[in-house]
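Below, each chain spelled out in residue letters.
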Amino acid sequence: MSNSPYERYFFEDEGLEPDPISGEKPVRYKYHAGGRWYKSKTDRYIPNYNPSTGAVIAYTPLCTEEEINRAVQAAVEAYPEWSNTPVTRRVQVLFRMKALLDEHLEELTYLCAKEEGKKWSEAEGDILKVTEVVEYACGAPHIMKGEALMDTSRGYDTTRYNHPIGVFVGISPWNFPAMIPHGWMAPICIAAGNTMVLKPANFTPQTSMRVLELWREAGLPDGVLNLITAEPPEAELLVRHPDVKGITFVGTTKVGTHIYATAAACGKRVQALTSAKNHALVLRDCVVERTAQGIVNAFCGCAGERCMALPVVVVENAVADALIAALKDIVSKINLGPAYDKDTGMGPVVHQAHRESILGWIEKGIEEGAELIVDGRNPCVPPGCEKGFFVGPTIFDHVTEDMSVGREEIFGPVLCIKRVDSFEEGLKIMNASRYANDSIIYTQNGYYARKFAKETDAGMVGINVGIPVPISIFGFTGHKQSFFGDLHVMGRDGFIFYTESKNVTSTWFHEDTEAGEVDTWDGTMTATQS
C-alpha cells in the first residue's frame, strides 16, 4: 500500500500566480488510481473557488481517456482479492475509517465549507452523514447473510448466498462533496466486496479527495477506491465501459435519464437520484411560529442547494397571512457571511454561474406575475465577502400552477407560496408535480397527517418535519422523476444493489445408493398430485 505523507491529492505549480482576491497561490489537484495520486497529463483544468470570497483556491484536472481507463483497470485488478477477502475483515477497514472521520471532523468540515459554501453546522452535517453510513456498513456481515432451508424436497437442501459483483462507478454532484460520494456510494459498495471509481463534481472535489486519503490511511487496499475528475464526454466512458458493472448517480433529471438509459442499455445496474421540487402543505391548525422556523430552515439551509430543500409551501388561506408574517420576520434576522465562520447564518451558493441562474429565476418569477415579498438579489454581506457568490432569502407569494418558478427546480434560497382553500386542493397540487422526492405536512390533526402520508406521491414524507431525510438504515426513497432505477441508496436496498444472489441446491448420495431413474426436475419438485 502506497500512501506516504509526501504523496498528496494536490501539488504546487510554480507557474500559477497568486489569486488577486486572497493573495494566495492556488494548487492543482491530482487523480487517484491503484493506490497512487497522479498528476494528470491533461492541459485542461477548471478553477475551484472559495464561494465566500470569490477567490480561486485550486484547479481541477479534466482527466484524459487514458487516465479514466487507468482508474477502471485499477479497480478491475483489485476486485478479485478484495471480493475474496472475508467480509469480517473488510469491515475492519470501515471500523478504522469511522475513527478517522471522528478524528478529522473539524478539518473536513472546514474543507467542505470552504469549497462548497455551506455554513459550518451544515458542512459538519455533511461529514457526519458519511460517518453514519460507514457505521451502518460495518454491519455487512449480518446484512449480507443469505438464507438456507434443509429438505426443500426430500434429501435436497438450498442455500442462497449474496456475492459482490465487480466494479462500480459513483458520479456525485457538487452540493454534498462528502456525504454523497463517501456516504451514499462508497461504504456499502466496498463493504459488500466491490471496487469503485468515484467521479466527484469538478467544482467541489477537494473534500472527496481528502476523505479518500483517510480511506487509504484506514487500510483500504490499492485499487479498491479510485477517483477521477472529468467533463461529460470523458465521463461517458465510465457509463459505457465494459468492465463497469453498475452506476450510482446523483444529479439532474436531464443527466440522470441519459445515464439510466445508456447504462441500462449496456446491461449495467443503475440507480439515478435526480431533481426535485418538494412541497409542504400547511394547514390552518399548524403551530405557526414553529412551522415557520421549520420552513425557513428547509428552504434556506445549505442556501437551498439540496434535493431535500423546501422550495414550495402550499398553505391554507386561513393561516397564510400569519405564516408569511412569521417567515418574513425570521429571514430578516439571517446574517450572510463566510461559510467557515461559525457565527454565519447562511453561506453563499457554490459558484457565480449558479448565482446568476438563481437570479435569473427570480426575474422569471417577477415576469410571470408572482409577488416578490422578500428580495434576496442584493444581500448585505460582511467585509471580505463582496465578491462572494451570495443570494439572500427570497420569497414569492401568490404563485400559481401556470408559473414555471413554482414547478421547476431552482436550487437556491427561493421559496414559492401557493395559496389554497383546503387539504384536498393542496394535496392535488402537490401530487401534480412530476417530481416526488419529499413532501411535508404541518398540522396538529392526526387524521389529515395519516391521510397525507398515505396519499402523497413522495417517497420521503415529513409530518411536521421540514427535512424528512431518513437515517441510513432506511434508505433514500425518491419517486417519479426524482429517481430512476429499482433499488435506492443506503438501507437494505443499498446492499441488494451492490450484490447478486446465488442459490445453491444440493443432494448427497450414500455410498450404497443404487442408480435409478431421474425425473425431469431431478428431485426438486415439491408439489404433488392430490
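Further up the page is the structure itself.
Residues numbered from 1 in each chain as written. Predicted model: local features only at pLDDT ≥ 70, side-chain atom pairs only at ≥ 80, totals over all residues. Heavy atoms only, no water.

**Points about the overall build of the chain**
What counts is decided by this rule: Every helix listed is a DSSP run of H or I at least four residues long, and every strand listed is a run of E at least two residues long, numbered separately from the N terminus. Atoms counted for the radius of gyration: C-alpha only. Globule rule: 2.2 Å times the number of residues to the power 0.38. For every residue, the accessible area (1.4 Å probe, protein chains only) is compared with the maximum for its type, and the residue is labelled buried under 20%, exposed over 50%, or partly exposed between those bounds. Here, two residues are considered to be in contact whenever any of their heavy atoms come within 4.5 Å of each other.
Looking only at helices and strands, the chain features 15 helices and 24 strands. Here the C-alpha atoms of the chain give a radius of gyration of 26 Å, agreeing with the 24 Å that 2.2 N^0.38 yields for 530 residues. Here the chain holds 530 residues, and 56% of them are scored as buried. In the chain, once contacts between residues fewer than 6 apart in sequence are set aside, the share between residues at least 24 apart is 73%.

**Observations concerning a nonpolar patch on the surface**
Heads up, the rule is: Each patch is built from residues lacking any salt bridge and having more than 30% relative accessible area; the joining distance is 9 Å for like charges and 5 Å for nonpolar side chains (Val, Leu, Ile, Met, Phe, Trp, Tyr). Per-residue and other accessible areas were derived by the Shrake-Rupley procedure at a 1.4 Å probe size, with only the shown protein chains allowed to occlude residues. Salt bridges are identified by distance alone: a Lys or Arg side-chain nitrogen within 4 Å of an Asp or Glu carboxyl oxygen.
On the surface, Ile471, Ile473 and Phe474 cluster together to form a nonpolar patch covering roughly 320 Å² of accessible area. Mapped onto the fold, Phe474 is located in the loop between β21 (460-463) and β22 (479-480). Taking relative accessible area as the criterion, Phe474 reaches 60% and is therefore assigned exposed.

**Quick word on the pairing of strand β5 (residues 45-50)**
For clarity, the cut-off: The criterion for strand pairing is that DSSP finds at least two bridges linking the strands in question.
What you see with β5 is a clean split: Ile46, Asn48 and Asn50 sit on the buried side and Tyr45, Pro47 and Tyr49 on the side with no burial. Here β5 pairs with strand β6 (residues 55-61) via six bridges, running antiparallel. The residue bridging Asn48 from the neighbouring strand is Ala58, located in β6. Connecting β5 to the next strand, β6, in antiparallel fashion are four residues, including Gly54 with a positive phi near 85°.

**Here we look at the environment of Ile190**
In this fold, Ile190 is placed in helix α6 (residues 179-191). Along the backbone, Ile190 and Ala453 are 263 residues apart, and their C-alpha atoms lie at a distance of 35 Å. With residues up to four places along the chain from it excluded, the contact list for Ile190 reads Trp82, Arg90, Trp215, Leu220 and Val224.

**Some details on the layout of surface pockets**
Heads up, the rule is: The rule is simple: put a 1 Å grid over the protein atoms alone, call a set of points where a 1.4 Å probe fits but cannot get out a cavity, call an open set with protein on both sides within 12 Å along at least five of seven lines a pocket, and count a residue as lining if it has an atom within 4 Å of a point. Grid points are joined across faces, edges and corners, and a volume is the space filled by probe spheres set on the points. Residue polarity is assigned by list, with Asp, Glu, Lys and Arg as charged and Ala, Val, Leu, Ile, Met, Phe, Trp, Tyr, Cys and Pro as nonpolar; anything else, Gly included, falls into the polar class.
Approximately 1,100 Å³ is the volume attributed to the largest pocket. Around the largest pocket, the lining is made up of 40 residues, and of these Trp174, Phe249, Gly251, Thr252 and Val255 lie nearest the centre. Elements represented by at least two residues in the lining of the largest pocket include exactly α8 (232-240), β12 (244-250), α9 (253-265) and α12 (352-368). For the lining of the largest pocket, the residue count by class is 23 nonpolar, eleven polar and six charged. Reported here for the second largest pocket is a volume of approximately 460 Å³. Forming the walls of the second largest pocket are 24 residues, and the residues nearest its centre are Glu122, Phe176, Cys302, Arg306 and Ile467. Of all the secondary-structure elements, those providing two or more residues to the lining of the second largest pocket are α4 (120-137), α6 and α10 (288-300). Broken down by element, the lining of the second largest pocket gets its largest block of residues, four residues, from α4. The residue makeup of the lining of the second largest pocket, split by class, is 14 nonpolar, five polar and five charged.

**A look at the packing of aromatic side chains**
For clarity, the cut-off: A pair of aromatic rings is counted whenever rings of Phe, Tyr or Trp (Trp by its six-membered ring) have centres within 6.5 Å, and the orientation is called stacked for planes under 30 degrees apart, edge-to-face for over 60 and tilted otherwise.
On inspection of all chains with the given rule, the structure shows 15 aromatic pairs. Measuring from centroid to centroid gives 5.6 Å for Phe168 and Phe497, while their planes differ by 55°, and the two rings are tilted. Highlighted residues: Phe168 in strand β9 (residues 167-171) and Phe497 in helix α15 (residues 491-497), separated in sequence by 329 residues. A relative accessible area of 2% means that Phe497 is categorised as buried. On the basis of an interplanar angle of 40° and a centroid distance of 4.7 Å, the ring pair of Phe423 and Tyr448 is categorised as tilted. You can see Phe423 sitting in helix α13 (residues 423-431) and its partner Tyr448 sitting in helix α14 (residues 446-455), a full 25 residues away along the chain. One aromatic cluster is present, formed by Tyr9, Phe10, Tyr29 and Trp37 through successive ring pairs.

**Let's talk about the environment of Ala458**
The topology assignment puts Ala458 in the loop between α14 and β21. Exposure remark for Ala458: the relative accessible area of 12% places this residue in the buried category. Separated by 158 residues in sequence, Ala458 and Cys300 have C-alpha atoms that sit 21 Å apart. Ala458 has contacts with Ala436, Asn437, Asp438, Ser439 and His479, leaving out every residue within four places of it along the chain.

**Focus on the nonpolar core**
Considering soluble globular proteins, one finds that nonpolar side chains tend to be buried as a cluster. Rules: Residues grouped as a nonpolar core are buried Ala, Val, Leu, Ile, Met, Phe, Trp, Tyr and Cys residues, joined through side-chain atoms within 4.5 Å.
In this structure, Trp184, Met196, Trp215, Phe476 and Tyr498 are the most contacted members of the largest nonpolar core, which totals 70 residues. In terms of residue count, the dominant contributor to this core is α6 (nine residues). Ala280, Phe299, Ile324 and Ile440 belong to the second-largest nonpolar core, a separate cluster that totals 31 residues.

**Here we look at the side chain of Ser472**
Along the chain, the position of Ser472 falls in the loop between β21 and β22. Ser472 has contacts with Glu132, Val133, Tyr136, Met490 and Gly491, leaving out every residue within four places of it along the chain.

**Focus on the pairing of β12**
Counted residue by residue, β12 has six buried out of seven residues, so it is predominantly covered. Direction of pairing for β9 relative to β12: parallel, over a ladder of five bridges. Residue Gly170 lies in a different strand from β12, and its bridge partner there is Thr248. Judged from the five bridges that link them, β12 and strand β13 (residues 269-273) form a sheet pairing that is parallel. Across the sheet, Val250 pairs through a bridge with Leu273, a residue of β13.

**Considering helix α2 (residues 87-103)**
How we decide: Multiplying one less than the number of residues by 1.5 Å gives the expected span of a helix. Working note: the arc is built from the helix axis to C-beta atom directions.
With 17 residues, α2 should cover 24 Å at 1.5 Å per step; its first-to-last C-alpha distance of 25 Å lies within 8% of that length. What α2 keeps buried is the set Arg90, Val91, Val93, Leu94, Met97, Leu100 and Leu101. Within α2, the buried residues cover an arc of 155° as seen down the axis, which keeps them to one side. In α2, the exposed positions angled more than 90 degrees off the buried face are occupied by Arg89 and Glu103.

**With respect to the side chain of Thr53**
As a reminder, the rule being used: Within 3.5 Å is the distance limit for a polar contact, defined as a pair of N or O atoms, with the added protein rule that one can donate a hydrogen and the other accept it, and that residues adjacent in sequence qualify only through two side-chain atoms.
One can find Thr53 in the loop between β5 and β6. What makes Thr53 buried here is its relative accessible area of 15%. Separated by 3.2 Å, the side chain of Thr53 and the backbone nitrogen of Ala55 make a polar contact. Once residues within four sequence positions are removed from consideration, Thr53 is found in contact with Ile21, Tyr340, Gly384, Lys387 and Gly388.

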